[in-house]
Amino acid sequence: MYDKQPGPTMVQHPLEFLAEIERREATAQEILLRDAGAPWTALLAEYVDALTGLAAPGTAATGYIAAYGLDEGHAGGCG
């Protein structure tokens with residue numbers, strides 16, 4: 001006649017639940033990237049070359065590499 005009372009259930013901590021979702025999604029993303037077949041090494045090399053060109057513009061035209069250093073041990077900033 002009476003329904004049996006359910007026993008105490010273990011509730012997963014919210015942070016543990018979020019960490020589990022993050023792990024699952026990271027694994028899924030790695031699988032998708034691996035299966036995509038994109039030439040990641042070539043893309044990364046092209047990206048680094050583009051960043052280098054932005055950081056040191058004009059070095060390719062002059063052939064000189066910009067060198068930055070301290071002025072005879074003086075860090076600057078003095079008025």
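Residues numbered from 1 in each chain as written. Predicted model: local features only at pLDDT ≥ 70, side-chain atom pairs only at ≥ 80, totals over all residues. Heavy atoms only, no water.

**Some words on the overall build of the chain**
Scanning the chain for helices and strands turns up three helices and zero strands. Along the chain, helices (α) and strands (β) appear in the sequence α-α-α when read from the amino end. Per element, the accessible surface of the chain, about 8000 Å² overall, is 62% carbon and sulfur. (Helix = DSSP H or I, 4+ residues; strand = E, 2+ residues; numbered from the N terminus. Areas by Shrake-Rupley, 256 points an atom, 1.4 Å probe, with all protein chains shown as cover.)

**Quick word on helix α1 (residues 14-36)**
Taking 1.5 Å per residue, 23 residues should reach 33 Å; α1 reaches 33 Å between its end C-alpha atoms and fits that length. Where α1 terminates, the next one or two residues include G37, which has phi positive at roughly 75°. (Expected span 1.5 Å × (residues − 1).)

**Observations concerning the pattern of salt bridges**
For the structure on display, the rule yields one salt bridge. Notably, a salt bridge pairs E20 with R24, separated by 3.7 Å at the nearest N-O pair. With E20 and R24 both in helix α1, this residue pair falls four residues apart, about one helical turn. (Salt bridge = Lys/Arg side-chain N within 4 Å of Asp/Glu carboxyl O.)

**Comments concerning the confidence of the model for the chain**
Residues of the chain with pLDDT of at least 70 account for 59%, and the chain-wide mean is 77. Confidence, expressed as mean pLDDT per element, reaches its minimum in the chain at helix α3 (residues 59-62) with 60 and its maximum at α1 with 91. (pLDDT = per-residue confidence, 0-100.)

**What to know about a nonpolar patch on the surface**
Taken together, the side chains of L44, Y47, V48, L51 and L54 make up a nonpolar region of the molecular surface, amounting to roughly 530 Å² of accessible area. Tracing the backbone shows L54 in helix α2 (residues 40-55). (Patch = residues over 30% accessible without salt bridge, like charges linked within 9 Å, V, L, I, M, F, W, Y side chains within 5 Å.)

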